[in-house]
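These are the residues of each chain, in order.
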Amino acid sequence: MDRAAEVSRCEAVADVLALLQDGDGWAEPWQAFFSGLLDASGLGYARFAARCGLSKNTVKRWRLQGGAPKSRDTYIKVGFGAAMPPQAVSDMLSRYGGYCGLNPRDPFDACCVFCLQRRAQGDVRYDYAAAEALYRRLLAGQGTGGPSNLTTTRLMARLSAVETEQGLGVFLQAFGAELTGRKQKLERYLDEYLTVHRLEAARDGGGSVHSLGLPPWAEKQLSLLRCHGIVPRRRSLTALGLHLNMTLEELDVLLHYAGMEPLRARDRLECVLIYALQQLALTHPELALGNATALLAVTRDARTRQRCTELAREYWQAGYRSEDGDVESVAGYVRHVIEQMELDEADELLGLL
């Protein structure tokens, strides 16, 4: 039985605790993944660190003592040092760093994709510094036309077909305006939930984002996304979704729009999150129904409308009923469940809830 199926069979906290004690089947920590990269390179600490543009002591610490990169850029530098292709770097960013993967709509990421492809093919001139230099040189020529309506997958295919720096310049010229509109779907999706909560707050005399009672860090992350296109890290984005009372399905959509994987049952902490949200859906189906009906009043996205309509129809036809007692917030409920587990991995998320 796979890990996701095992989580779905858990009926109590004790069942999840027993599952967590099973040593097999969990996601690799960064230390194990990085050790594999280092071994595969055949290089010593100093030479591998030089290829990454990092210090020897940093590389040695990751290998022997654990720890992990503290920024998205550092993960990308490791990708260059290990000559990883772009997709492998995207997977590493999401799985081990909690960041969004490489996005062809972001001009710097586009330069990294181009350089990573060249480096993976053996051209050692294209390192992280080369990507930075290309970005500075080519960004001035970025186009100003309207977006092309290409999907991200098709845009990545166009970018992957670029073979020269001149071709990269043509790509940026053709799709420049679209590249600056980074993560528009993510921002729009979050805005819909914020609108729902603002409307609810307005009935109680509020209505501004500040009146929603979101933590200061959440307001800052929303501002960075709107003003600079900076996507929150995975843990922060997950916590933000919980503060907005998202269900498991809605959280997975949020992560998808950020270029990240859905919540993973093979991750110990996310396994607990999945359990908590599944239990909440079983005992309080009115939360999902409330979200669906509220979103239908504000969303213009066809997929969101279809999903909400289908969910609302299912709940009304099935006649789901909630257990006694109200849930004040999804974030509070999840926090209570996690605190019972006493997981070391949960400290960061608990600090955000």
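On a predicted model such as this, the values are computed, not experimentally measured, just so you know. (Residues numbered from 1 in each chain as written. Predicted model: local features only at pLDDT ≥ 70, side-chain atom pairs only at ≥ 80, totals over all residues. Heavy atoms only, no water.)

Trainee: How should the nonpolar core be read in this particular structure?
Mentor: General note: in soluble globular proteins, nonpolar side chains tend to be found buried as a group. Grouped together as the largest cluster of nonpolar side chains are 65 residues, with contacts concentrated most on L186, L190, L242, V334 and I338. Leave out the neighbours within four places in its chain, and I338 touches L269, V272, L273, A346, L349, L350 and L353. Ranked by size, the runner-up nonpolar core spans 44 residues in total, among them W30, F34, V59 and C111. (Core = buried A, V, L, I, M, F, W, Y, C linked by side-chain atoms within 4.5 Å. Buried < 20%, exposed > 50% of the residue type's maximum accessible area, 1.4 Å probe, protein only. Contact = heavy atoms within 4.5 Å.)

Trainee: Looking at this structure, how should I read empty space enclosed by the protein?
Mentor: Picture a little ball the size of a water molecule; that probe, rolled over the atoms, points out where space is still empty. Tallying each qualifying case throughout the model produces two cavities of 30 Å³ or more. Looking at the largest cavity, its volume works out to about 50 Å³. For the largest cavity, the full set of lining residues is K185, R188, Y189, E192, Y257, D301 and T304. Broken down by element, the lining of the largest cavity gets its largest block of residues, four residues, from helix 12 (residues 184-202). Counted by class, the lining of the largest cavity contains two nonpolar, one polar and four charged residues. The volume enclosed by the second largest cavity comes to roughly 30 Å³. When residues of the lining of the second largest cavity are traced back to their parent elements, those giving at least two are helix 12 and helix 13 (216-228). (1 Å grid on protein atoms, 1.4 Å probe; cavity = no way out; pocket = protein on both sides within 12 Å on 5 of 7 lines; lining within 4 Å. Points joined across faces, edges and corners; volume = space filled by probe spheres on them. Helix = DSSP H or I, 4+ residues; strand = E, 2+ residues; numbered from the N terminus. Nonpolar A, V, L, I, M, F, W, Y, C, P; charged D, E, K, R; others polar.)

Trainee: Explanation requested: the environment of R47 in the structure shown.
Mentor: As for its position among the elements, R47 is in helix 4 (residues 45-52). Judged by its relative accessible area of 54%, R47 falls in the exposed class. Along the primary structure R47 and G81 are separated by 34 residues, whereas in three dimensions their C-alpha atoms are 9.5 Å apart.

Trainee: Looking at this structure, how should I read the environment of Y128?
Mentor: Within the fold, Y128 resides in helix 9 (residues 128-139). Contacts of Y128, omitting those with residues within four sequence positions, involve D73, I76, K77, F80 and F108.

Trainee: Looking at this structure, I do not really get the packing of aromatic side chains. What am I missing?
Mentor: For any two aromatic rings, the description comes down to two numbers: the centre-to-centre distance and the angle of the planes. With the rule as written, the count across this model stands at 15 aromatic pairs. Aromatic pair W30 and Y96: ring centres 6.0 Å apart, planes at 65°, arrangement edge-to-face. Within this pair, whereas W30 is found in helix 3 (residues 30-41), its partner Y96 is found in helix 7 (residues 86-97), the two being separated by 66 residues in sequence. On the accessibility criterion, Y96 (17% relative accessible area) is buried. Between F80 and Y128 the ring centres are 6.2 Å apart and the planes differ by 80°, which places this aromatic pair in the edge-to-face class. Linking F80 in helix 6 (residues 72-81) with Y128 in helix 9, this pair joins segments that are 48 residues apart in sequence. By the ring-pair criterion, three or more aromatic residues cluster together here, those being W30, F33, F34, F48, W62, Y75, Y96 and Y99. (Phe/Tyr/Trp six-rings, centres within 6.5 Å; stacked < 30°, edge-to-face > 60°.)

Trainee: How do you make sense of helix 14 (residues 234-243) when you look at a structure like this?
Mentor: Think of an α-helix as turning once every 3.6 residues; residues three or four places apart then point the same way. With 10 of 10 residues buried, helix 14 is to be regarded as a mostly interior element. For helix 14, the complete set of buried residues consists of R234, R235, S236, L237, T238, A239, L240, G241, L242 and H243. Among the residues trailing helix 14, N245 stands out with phi positive, at a value near 60°.

Trainee: Help me understand helix 15 (residues 248-257) in this model?
Mentor: Within the span of helix 15, buried status applies to L248, E250, L251, L254, L255 and Y257. For helix 15, the elements touching its buried residues are helix 12, helix 14, helix 16 (268-283), helix 17 (286-296) and helix 18 (302-318).

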